[in-house]
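An overview of the molecular structure
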Amino acid sequence: MPVISFLSTTHFDHGAISQLQKSLDRNNIKRPLIATDKGIVAAGILDTVTGAINEGAAAPVFDDTPGNPTERAVMAALAVYEAEGCDGVIALGGGSAMDLGKTVALLAGSGGPLSQFDPLQGGNKLVKKMAPVIAVPTTSGTGSEVSLGMVIIMEDGRKLTFGNPKFVPTVAICDPELTLGLPPLLTAATGMDAITHCIEAFLTPTINPPADGVGLDGLWRGWRNLAKAVKDGSDKDARWEMMMASTEGAHAFTMGLGAVHAMSHAIGRREDLRLHHGTLNAVILPAVLRFNEPGCEDKYDRLRSTMGLTAGADLAVAIEELNADIGLPSGLGAMGVSEDMIEDFVPHALADLAHRTNPREASAEDYAALFRQAM
(Lines give C-alpha, C1' and ligand atoms only; values in the text may rest on other atoms or scores of the structure.)
Protein backbone atom coordinates (compact mmCIF):
# COMPACT_ATOMS: atom_id res chain seq x y z
CA MET A 1 0.00 0.00 0.00
CA PRO A 2 1.55 3.34 -0.99
CA VAL A 3 2.21 5.89 1.74
CA ILE A 4 2.19 9.36 0.19
CA SER A 5 3.57 12.23 2.31
CA PHE A 6 4.85 15.70 1.45
CA LEU A 7 5.50 17.37 4.76
CA SER A 8 7.44 20.61 4.51
CA THR A 9 6.69 24.33 4.32
CA THR A 10 8.87 26.02 1.71
CA HIS A 11 9.35 29.69 0.85
CA PHE A 12 10.72 29.65 -2.69
CA ASP A 13 11.79 32.58 -4.87
CA HIS A 14 14.45 35.19 -5.41
CA GLY A 15 14.61 37.18 -2.18
CA ALA A 16 13.00 34.47 -0.05
CA ILE A 17 15.63 35.02 2.65
CA SER A 18 13.46 37.97 3.73
CA GLN A 19 11.14 35.37 5.28
CA LEU A 20 13.77 34.12 7.74
CA GLN A 21 12.85 36.25 10.75
CA LYS A 22 9.15 35.56 10.29
CA SER A 23 9.90 31.85 10.18
CA LEU A 24 11.90 32.08 13.40
CA ASP A 25 9.06 33.95 15.08
CA ARG A 26 6.38 31.52 13.92
CA ASN A 27 8.34 28.62 15.36
CA ASN A 28 9.25 30.40 18.60
CA ILE A 29 12.98 30.19 17.92
CA LYS A 30 14.65 32.88 20.01
CA ARG A 31 18.29 31.77 19.84
CA PRO A 32 19.17 29.71 16.78
CA LEU A 33 22.50 28.02 16.15
CA ILE A 34 23.63 28.74 12.59
CA ALA A 35 25.24 25.52 11.30
CA THR A 36 27.34 26.25 8.24
CA ASP A 37 30.86 25.96 6.80
CA LYS A 38 33.82 28.23 6.27
CA GLY A 39 33.18 28.58 2.55
CA ILE A 40 29.79 30.13 3.26
CA VAL A 41 31.43 32.54 5.69
CA ALA A 42 34.16 33.49 3.21
CA ALA A 43 31.61 34.04 0.42
CA GLY A 44 29.70 36.56 2.54
CA ILE A 45 26.51 34.47 2.53
CA LEU A 46 26.54 34.20 6.32
CA ASP A 47 26.45 38.00 6.50
CA THR A 48 23.43 38.04 4.19
CA VAL A 49 21.63 35.59 6.45
CA THR A 50 22.50 37.25 9.75
CA GLY A 51 21.43 40.53 8.20
CA ALA A 52 17.97 39.04 7.67
CA ILE A 53 17.37 38.29 11.36
CA ASN A 54 17.01 40.50 14.39
CA GLU A 55 20.29 40.77 16.30
CA GLY A 56 21.79 38.36 13.79
CA ALA A 57 25.31 39.51 14.53
CA ALA A 58 25.03 37.92 17.97
CA ALA A 59 23.79 34.55 16.72
CA PRO A 60 26.00 31.57 17.68
CA VAL A 61 27.71 30.05 14.64
CA PHE A 62 29.28 26.65 14.01
CA ASP A 63 31.26 26.85 10.76
CA ASP A 64 33.43 23.73 10.94
CA THR A 65 31.21 21.46 8.83
CA PRO A 66 33.46 19.20 6.73
CA GLY A 67 32.81 18.39 3.07
CA ASN A 68 31.22 15.10 4.14
CA PRO A 69 29.64 15.64 7.58
CA THR A 70 31.01 13.49 10.38
CA GLU A 71 29.71 12.36 13.75
CA ARG A 72 32.70 14.16 15.26
CA ALA A 73 31.61 17.48 13.74
CA VAL A 74 28.01 16.91 14.80
CA MET A 75 29.08 16.47 18.40
CA ALA A 76 31.22 19.62 18.25
CA ALA A 77 28.26 21.59 16.89
CA LEU A 78 25.95 20.12 19.54
CA ALA A 79 28.36 21.30 22.23
CA VAL A 80 28.06 24.86 20.88
CA TYR A 81 24.26 24.52 20.70
CA GLU A 82 24.07 23.46 24.34
CA ALA A 83 26.67 25.91 25.66
CA GLU A 84 24.90 28.83 23.96
CA GLY A 85 21.43 27.86 25.17
CA CYS A 86 20.07 27.48 21.64
CA ASP A 87 16.49 26.48 20.92
CA GLY A 88 16.62 25.79 17.19
CA VAL A 89 18.92 25.49 14.18
CA ILE A 90 19.40 27.47 11.00
CA ALA A 91 21.07 24.95 8.67
CA LEU A 92 22.85 27.11 6.10
CA GLY A 93 24.80 25.73 3.16
CA GLY A 94 24.92 22.74 0.89
CA GLY A 95 23.87 19.25 1.85
CA SER A 96 26.71 18.78 4.33
CA ALA A 97 25.81 21.79 6.48
CA MET A 98 22.10 21.03 6.28
CA ASP A 99 22.60 17.37 7.22
CA LEU A 100 24.84 18.38 10.12
CA GLY A 101 22.32 20.96 11.34
CA LYS A 102 19.46 18.49 11.16
CA THR A 103 21.48 15.91 13.07
CA VAL A 104 22.28 18.43 15.80
CA ALA A 105 18.53 19.09 16.07
CA LEU A 106 17.87 15.35 16.39
CA LEU A 107 20.34 14.94 19.25
CA ALA A 108 19.11 18.13 20.93
CA GLY A 109 15.55 16.81 20.88
CA SER A 110 16.00 13.07 21.38
CA GLY A 111 19.41 12.63 23.04
CA GLY A 112 22.27 10.40 21.95
CA PRO A 113 24.19 8.44 20.98
CA LEU A 114 23.70 9.05 17.28
CA SER A 115 24.30 5.41 16.36
CA GLN A 116 21.08 4.35 18.10
CA PHE A 117 19.02 6.01 15.34
CA ASP A 118 20.32 3.76 12.54
CA PRO A 119 17.06 2.90 10.73
CA LEU A 120 18.41 -0.46 9.59
CA GLN A 121 18.69 -1.42 13.28
CA GLY A 122 15.22 -0.22 14.29
CA GLY A 123 16.47 3.19 15.39
CA ASN A 124 13.44 5.10 14.11
CA LYS A 125 11.49 3.88 17.14
CA LEU A 126 13.83 5.91 19.37
CA VAL A 127 13.25 9.24 17.61
CA LYS A 128 11.20 11.30 20.05
CA LYS A 129 11.40 14.83 18.70
CA MET A 130 13.60 17.30 16.85
CA ALA A 131 14.56 20.83 17.77
CA PRO A 132 13.05 23.11 15.09
CA VAL A 133 15.15 23.50 11.94
CA ILE A 134 15.04 26.21 9.30
CA ALA A 135 17.02 25.00 6.29
CA VAL A 136 18.55 27.54 3.91
CA PRO A 137 20.23 25.86 0.90
CA THR A 138 23.08 27.63 -0.89
CA THR A 139 23.53 24.97 -3.58
CA SER A 140 21.07 23.24 -5.89
CA GLY A 141 21.70 19.55 -5.41
CA THR A 142 20.95 17.60 -2.27
CA GLY A 143 17.45 18.82 -1.48
CA SER A 144 18.23 18.27 2.20
CA GLU A 145 16.07 21.30 2.97
CA VAL A 146 12.94 19.21 2.35
CA SER A 147 14.19 15.63 2.78
CA LEU A 148 13.57 13.15 5.57
CA GLY A 149 17.17 11.99 5.70
CA MET A 150 20.69 12.87 6.78
CA VAL A 151 23.94 11.17 5.76
CA ILE A 152 26.73 11.16 8.37
CA ILE A 153 30.16 9.49 8.49
CA MET A 154 30.27 7.71 11.84
CA GLU A 155 33.29 7.36 14.09
CA ASP A 156 33.54 3.68 13.13
CA GLY A 157 33.94 4.62 9.44
CA ARG A 158 30.43 3.80 8.24
CA LYS A 159 28.53 6.35 6.18
CA LEU A 160 25.02 6.05 7.59
CA THR A 161 21.79 7.31 6.09
CA PHE A 162 19.29 8.26 8.77
CA GLY A 163 15.70 8.50 7.56
CA ASN A 164 12.52 9.48 9.38
CA PRO A 165 9.62 11.86 8.56
CA LYS A 166 10.50 13.82 11.71
CA PHE A 167 13.83 14.77 10.11
CA VAL A 168 12.15 17.01 7.52
CA PRO A 169 13.10 20.61 8.42
CA THR A 170 10.34 22.70 9.94
CA VAL A 171 10.75 25.34 7.23
CA ALA A 172 12.82 25.56 4.04
CA ILE A 173 13.82 28.93 2.65
CA CYS A 174 14.91 28.46 -0.95
CA ASP A 175 16.40 31.66 -2.34
CA PRO A 176 18.12 31.05 -5.71
CA GLU A 177 20.00 34.33 -5.32
CA LEU A 178 22.14 32.62 -2.67
CA THR A 179 23.50 30.33 -5.41
CA LEU A 180 24.55 33.06 -7.89
CA GLY A 181 28.17 32.97 -6.73
CA LEU A 182 28.51 29.20 -6.90
CA PRO A 183 31.52 28.32 -9.11
CA PRO A 184 30.96 26.32 -12.32
CA LEU A 185 32.39 22.99 -11.13
CA LEU A 186 30.34 23.02 -7.93
CA THR A 187 27.26 24.07 -9.90
CA ALA A 188 27.84 21.09 -12.18
CA ALA A 189 28.41 18.59 -9.37
CA THR A 190 25.46 19.67 -7.25
CA GLY A 191 23.22 19.87 -10.30
CA MET A 192 24.05 16.28 -11.22
CA ASP A 193 23.20 15.27 -7.67
CA ALA A 194 19.72 16.71 -8.21
CA ILE A 195 19.34 15.02 -11.60
CA THR A 196 20.47 11.69 -10.12
CA HIS A 197 17.91 12.02 -7.32
CA CYS A 198 15.12 12.55 -9.84
CA ILE A 199 16.17 9.58 -11.99
CA GLU A 200 16.91 7.12 -9.19
CA ALA A 201 13.75 7.96 -7.25
CA PHE A 202 11.61 7.46 -10.37
CA LEU A 203 13.22 4.08 -11.04
CA THR A 204 12.59 2.62 -7.58
CA PRO A 205 9.91 -0.08 -7.33
CA THR A 206 8.03 2.06 -4.78
CA ILE A 207 4.49 2.97 -5.87
CA ASN A 208 3.91 6.70 -5.48
CA PRO A 209 2.56 8.32 -8.67
CA PRO A 210 2.58 11.90 -7.26
CA ALA A 211 6.26 11.50 -6.37
CA ASP A 212 6.88 10.06 -9.85
CA GLY A 213 5.42 13.23 -11.32
CA VAL A 214 7.46 15.48 -9.05
CA GLY A 215 10.66 13.60 -9.92
CA LEU A 216 10.01 13.81 -13.65
CA ASP A 217 9.26 17.52 -13.41
CA GLY A 218 12.50 18.04 -11.50
CA LEU A 219 14.40 16.10 -14.17
CA TRP A 220 12.73 18.17 -16.93
CA ARG A 221 13.89 21.39 -15.26
CA GLY A 222 17.37 20.16 -14.39
CA TRP A 223 18.13 18.62 -17.78
CA ARG A 224 17.26 21.86 -19.60
CA ASN A 225 18.97 24.27 -17.25
CA LEU A 226 22.09 22.70 -15.71
CA ALA A 227 24.43 23.52 -18.60
CA LYS A 228 23.01 27.06 -18.69
CA ALA A 229 23.72 27.56 -14.98
CA VAL A 230 27.25 26.15 -15.36
CA LYS A 231 28.08 28.35 -18.33
CA ASP A 232 26.53 31.53 -16.85
CA GLY A 233 26.27 31.49 -13.09
CA SER A 234 24.51 34.87 -13.12
CA ASP A 235 21.55 33.47 -15.10
CA LYS A 236 18.84 33.97 -12.47
CA ASP A 237 16.23 31.97 -14.36
CA ALA A 238 18.55 28.95 -14.67
CA ARG A 239 19.45 29.23 -10.99
CA TRP A 240 15.74 29.29 -10.08
CA GLU A 241 15.06 26.21 -12.19
CA MET A 242 18.02 24.30 -10.73
CA MET A 243 16.98 25.04 -7.16
CA MET A 244 13.47 23.83 -7.96
CA ALA A 245 14.91 20.68 -9.56
CA SER A 246 16.91 20.07 -6.40
CA THR A 247 13.92 20.51 -4.11
CA GLU A 248 11.73 18.32 -6.31
CA GLY A 249 14.41 15.63 -6.41
CA ALA A 250 14.30 15.39 -2.63
CA HIS A 251 10.50 15.27 -2.60
CA ALA A 252 10.74 12.43 -5.10
CA PHE A 253 13.23 10.38 -3.15
CA THR A 254 10.71 9.80 -0.41
CA MET A 255 10.39 6.67 -2.60
CA GLY A 256 14.04 5.75 -1.99
CA LEU A 257 17.14 5.84 -4.18
CA GLY A 258 19.30 3.11 -5.67
CA ALA A 259 22.68 1.65 -6.50
CA VAL A 260 24.19 4.97 -7.58
CA HIS A 261 23.80 6.35 -4.07
CA ALA A 262 24.79 3.08 -2.42
CA MET A 263 28.06 3.24 -4.38
CA SER A 264 28.71 6.95 -3.91
CA HIS A 265 28.14 6.64 -0.16
CA ALA A 266 30.57 3.72 -0.03
CA ILE A 267 33.26 5.85 -1.65
CA GLY A 268 32.32 9.11 0.04
CA ARG A 269 32.86 7.67 3.52
CA ARG A 270 36.60 7.56 2.79
CA GLU A 271 37.98 10.72 4.38
CA ASP A 272 41.32 10.13 2.65
CA LEU A 273 39.68 10.57 -0.76
CA ARG A 274 37.57 13.64 0.13
CA LEU A 275 35.36 13.30 -2.94
CA HIS A 276 32.24 15.33 -3.67
CA HIS A 277 28.99 13.37 -3.45
CA GLY A 278 27.40 14.95 -6.52
CA THR A 279 30.45 14.33 -8.68
CA LEU A 280 30.49 10.69 -7.58
CA ASN A 281 26.82 10.32 -8.51
CA ALA A 282 27.46 11.85 -11.92
CA VAL A 283 30.27 9.48 -12.90
CA ILE A 284 28.61 6.37 -11.43
CA LEU A 285 25.15 6.99 -12.93
CA PRO A 286 25.90 5.75 -16.50
CA ALA A 287 27.09 2.31 -15.32
CA VAL A 288 24.04 1.87 -13.09
CA LEU A 289 21.66 2.98 -15.86
CA ARG A 290 23.07 0.23 -18.09
CA PHE A 291 22.71 -2.32 -15.27
CA ASN A 292 19.12 -1.34 -14.38
CA GLU A 293 17.63 -1.19 -17.87
CA PRO A 294 16.32 -4.82 -18.02
CA GLY A 295 12.86 -4.69 -16.51
CA CYS A 296 12.70 -0.88 -16.57
CA GLU A 297 12.05 -0.39 -20.28
CA ASP A 298 8.77 1.50 -19.85
CA LYS A 299 10.26 3.83 -17.26
CA TYR A 300 13.30 4.41 -19.48
CA ASP A 301 10.92 5.49 -22.25
CA ARG A 302 9.38 8.06 -19.88
CA LEU A 303 12.85 9.29 -18.90
CA ARG A 304 13.79 9.73 -22.56
CA SER A 305 10.60 11.68 -23.21
CA THR A 306 11.19 13.93 -20.19
CA MET A 307 14.79 14.59 -21.25
CA GLY A 308 13.80 15.33 -24.86
CA LEU A 309 15.73 12.37 -26.24
CA THR A 310 14.74 10.30 -29.25
CA ALA A 311 13.04 6.94 -28.83
CA GLY A 312 15.56 4.26 -27.99
CA ALA A 313 18.35 6.73 -27.16
CA ASP A 314 21.02 5.44 -24.78
CA LEU A 315 20.41 7.18 -21.43
CA ALA A 316 23.87 6.31 -20.16
CA VAL A 317 25.50 7.95 -23.18
CA ALA A 318 23.32 11.04 -22.71
CA ILE A 319 24.53 11.37 -19.12
CA GLU A 320 28.16 10.86 -20.17
CA GLU A 321 27.80 13.59 -22.78
CA LEU A 322 26.27 16.01 -20.26
CA ASN A 323 29.04 15.26 -17.75
CA ALA A 324 31.66 16.08 -20.39
CA ASP A 325 29.83 19.24 -21.44
CA ILE A 326 29.75 20.63 -17.90
CA GLY A 327 33.34 19.70 -17.08
CA LEU A 328 32.94 16.72 -14.76
CA PRO A 329 35.40 13.77 -14.70
CA SER A 330 34.89 10.89 -17.10
CA GLY A 331 35.24 8.23 -14.39
CA LEU A 332 36.31 7.34 -10.88
CA GLY A 333 39.91 6.77 -11.97
CA ALA A 334 40.24 10.46 -12.81
CA MET A 335 39.11 11.25 -9.25
CA GLY A 336 41.86 9.28 -7.52
CA VAL A 337 39.96 6.02 -7.02
CA SER A 338 41.92 2.85 -7.82
CA GLU A 339 40.67 -0.65 -8.54
CA ASP A 340 42.34 -2.07 -5.44
CA MET A 341 39.84 -0.02 -3.35
CA ILE A 342 36.80 -1.81 -4.78
CA GLU A 343 37.01 -4.68 -2.30
CA ASP A 344 36.59 -2.12 0.50
CA PHE A 345 33.65 -0.37 -1.21
CA VAL A 346 31.44 -3.36 -2.01
CA PRO A 347 30.27 -4.36 1.51
CA HIS A 348 29.42 -0.76 2.31
CA ALA A 349 27.33 -0.46 -0.85
CA LEU A 350 25.46 -3.65 0.05
CA ALA A 351 24.76 -2.34 3.57
CA ASP A 352 23.58 1.08 2.40
CA LEU A 353 19.91 2.02 2.77
CA ALA A 354 19.73 3.10 -0.89
CA HIS A 355 20.68 -0.43 -2.03
CA ARG A 356 17.31 -1.71 -0.83
CA THR A 357 15.28 0.28 -3.37
CA ASN A 358 17.34 -0.27 -6.51
CA PRO A 359 14.97 -1.60 -9.19
CA ARG A 360 17.25 -4.56 -9.98
CA GLU A 361 18.78 -6.68 -7.23
CA ALA A 362 22.54 -6.22 -7.11
CA SER A 363 24.93 -8.77 -5.62
CA ALA A 364 28.45 -8.23 -4.31
CA GLU A 365 29.76 -9.38 -7.69
CA ASP A 366 27.44 -6.93 -9.45
CA TYR A 367 28.69 -4.03 -7.35
CA ALA A 368 32.31 -4.97 -7.96
CA ALA A 369 31.62 -4.98 -11.70
CA LEU A 370 29.77 -1.65 -11.50
CA PHE A 371 32.65 0.01 -9.64
CA ARG A 372 35.04 -1.26 -12.30
CA GLN A 373 32.79 -0.01 -15.12
CA ALA A 374 32.61 3.42 -13.45
CA MET A 375 36.42 3.68 -13.29
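All of the points below concern the structure found in this document.

Cut-offs applied
- Residues numbered from 1 in each chain as written.
- Predicted model: local features only at pLDDT ≥ 70, side-chain atom pairs only at ≥ 80, totals over all residues.
- Heavy atoms only, no water.
- Salt bridge = Lys/Arg side-chain N within 4 Å of Asp/Glu carboxyl O.
- Helix = DSSP H or I, 4+ residues; strand = E, 2+ residues; numbered from the N terminus.
- Buried < 20%, exposed > 50% of the residue type's maximum accessible area, 1.4 Å probe, protein only.
- Pairing = 2+ DSSP bridges.
- Contact = heavy atoms within 4.5 Å.
- Axes fitted to C-alpha atoms, helices over the stretch in contact; angles between N-to-C directions.
- 1 Å grid on protein atoms, 1.4 Å probe; cavity = no way out; pocket = protein on both sides within 12 Å on 5 of 7 lines; lining within 4 Å.
- Points joined across faces, edges and corners; volume = space filled by probe spheres on them.
- Nonpolar A, V, L, I, M, F, W, Y, C, P; charged D, E, K, R; others polar.
- Polar contact = N/O pair within 3.5 Å; in protein donor to acceptor, adjacent residues only side chain to side chain.

With that settled, the discussion passes to the pattern of salt bridges. In the structure shown here, the tally under the stated rule is 17 salt bridges. Asp64 serves as the salt-bridge partner of Lys38, at 2.2 Å between the closest nitrogen and oxygen. A residue pair is termed long-range when its members are at least 10 positions apart, and Lys38 in helix 2 (residues 38–42) and Asp64 in the loop between strand 3 (61–62) and helix 4 (71–83) qualify at 26 residues. Given the relative accessible area of 47%, Lys38 is considered partly exposed. By relative accessible area, which is 45% here, Asp64 ends up partly exposed. Of the charged contacts, one joins Asp344 and Arg270 as a salt bridge, the two residues approaching to 3.0 Å between their closest N and O atoms. Note that Asp344 is positioned in helix 13 (residues 342–351) and Arg270 in the loop between helix 9 (259–268) and helix 10 (277–292), a separation of 74 residues in sequence.

We now examine the sheet that holds strand 5 (residues 133–137). Strand pairing in a sheet relies on backbone hydrogen bonds, with the paired strands running either antiparallel or parallel. With respect to topology, 6 strands assemble into an open sheet ordered 1-8-5-4-2-3, the strand pairing being parallel. Two strands lie at the open edges of the sheet, namely strand 1 (9–12) and strand 3, each paired on one side alone. Summarising the sheet, strand 4 (residues 88–93) and strand 5 pair through 5 bridges and their orientation is parallel. Pairing of Leu92 across the sheet is with Val136, part of strand 5. Across the face of the sheet, helix 5 (residues 95–110) comes into contact with strand 2 (32–35), strand 3, strand 4 and strand 5 while running at roughly 170 degrees to strand 4. Helix 8 (residues 236–252) rests against strand 1, strand 5 and strand 8 (171–174) of the sheet, and its axis sits at about 170 degrees to strand 1.

In this approach a probe as big as a water molecule rolls over the atoms, and the regions it shows empty are the leftover space. Volume-wise, the second largest pocket comes out at about 240 Å³. In this structure, the second largest pocket is lined by 15 residues; those nearest its centre are Lys30, Arg31, Pro32, Asn54 and Glu55. The element contributing the most residues to the lining of the second largest pocket is helix 1 (residues 20–26), with 3 residues. Residue composition of the lining of the second largest pocket, grouped by class: 7 nonpolar, 4 polar and 4 charged.

On the secondary structure map, Thr138 appears in the loop between strand 5 and strand 6 (149–153). Only 3.5 Å separates the side chain of Thr138 from the backbone nitrogen of Gly94, close enough to count as a polar contact. Every residue in contact with Thr138, bar those within four places of it in the chain, is listed here: Ile40, Ile45, Leu92, Gly93, Gly94, Leu178, Thr179 and Leu182.

Going through the model one piece at a time under the given rule, you end up with 2 cavities of 30 Å³ or more. Reported here for the second largest cavity is a volume of approximately 50 Å³. Every residue lining the second largest cavity is listed: Ser140, Thr179, Leu182, Thr187, Thr190, Gly191, Leu226, Arg239 and Met242. The element that contributes the greatest number of residues to the lining of the second largest cavity is helix 6 (residues 184–203), accounting for 3 residues.

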